[in-house]
Amino acid sequence: MSIVRFGVSLEKELLEALDHYALKNSFPNRSQAIRHLISENTVQEKWDQNQEVAGAITIVYDHHKRNILHTLNHIQHDYHSIILSNLHFHIDHHNCMEIIAVKGRAGVLRELAEKIISTKGIEHGKLTMTH
Ligand code: NI
């Protein structure tokens, strides 16, 4: 396998975290630590794709934003077979929080979460998954 060199720009804090990680795990240098982190993450991702998992998508948005309720409803109907339940909390006059419980292949859960979280007007969104 050929080795390619490339430059990386990082915030100081992230670089310190990397050095700390390398030291703690006895990696001889930063390259080795980065190599390990990348391969671990890509393996994890492939593995996750085929796993049946349960999860929750949590979102916060202003329900006055144009079309947001219609769009969210539409997306969720497209994925009705993996959605278990949907909790809606009216946090204040403007903001709603929704917790959407999901179960299915991790890859499909991610796909749904990305569509929901990238909807215009979503202020905060996060997917958590459990095996
Ligand atoms: Ni609400």
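Here goes a summary of the coordinates provided. (Residues numbered from 1 in each chain as written. Predicted model: local features only at pLDDT ≥ 70, side-chain atom pairs only at ≥ 80, totals over all residues. Heavy atoms only, no water.)

1. Side note on the pairing of strand S3 (residues 95-105)
Consecutive residues of a regular strand have side chains that alternate between opposite faces of the sheet.
In step 1: Judged from the 11 bridges that link them, strand S1 (residues 52-62) and S3 form a sheet pairing that is antiparallel. Residue pairing in the sheet places Ile59 in a bridge with Glu98 of S3.
In step 2: Between strand S2 (residues 83-90) and the antiparallel strand that follows it, S3, lie 4 residues. (Pairing = 2+ DSSP bridges. Helix = DSSP H or I, 4+ residues; strand = E, 2+ residues; numbered from the N terminus.)

2. Some words on helix H3 (residues 68-78)
In step 1: Of the residues making up H3, those classed as buried are Ile68, Leu72, Ile75 and Gln76. All buried residues of H3 lie within an arc of 95 degrees about the axis, which places them on one face of the element. In H3, the exposed residues that point more than 90 degrees away from the buried face are His70, His77 and Asp78.
In step 2: Looking at the packing, one finds that the buried side of H3 touches S1, S2, S3, helix H4 (106-117) and strand S4 (122-130). (Buried < 20%, exposed > 50% of the residue type's maximum accessible area, 1.4 Å probe, protein only. Arc of directions from axis to C-beta. Contact = heavy atoms within 4.5 Å.)

3. Focus on the pattern of salt bridges
Once the charged atoms of two side chains with opposite charge are near each other, the side chains can pair.
In step 1: Considering all chains together, one arrives at 2 salt bridges under this definition.
In step 2: The residue Lys12 makes a salt bridge to Glu16 at a minimum N-O spacing of 3.1 Å. Linking Lys12 with Glu16, this pair stays in helix H1 (residues 12-24), spanning 4 residues, or about one helical turn.
In step 3: For Lys12, a relative accessible area of 59% corresponds to the exposed category.
In step 4: You can call Glu16 partly exposed: its relative accessible area is 42%.
In step 5: Of the charged contacts in the structure, one is a salt bridge between Arg30 and Asp19, with a shortest N-O distance of 2.7 Å. One end of the pair, Arg30, is in helix H2 (residues 30-50); the other, Asp19, is in helix H1, with 11 residues separating them in the sequence. (Salt bridge = Lys/Arg side-chain N within 4 Å of Asp/Glu carboxyl O.)

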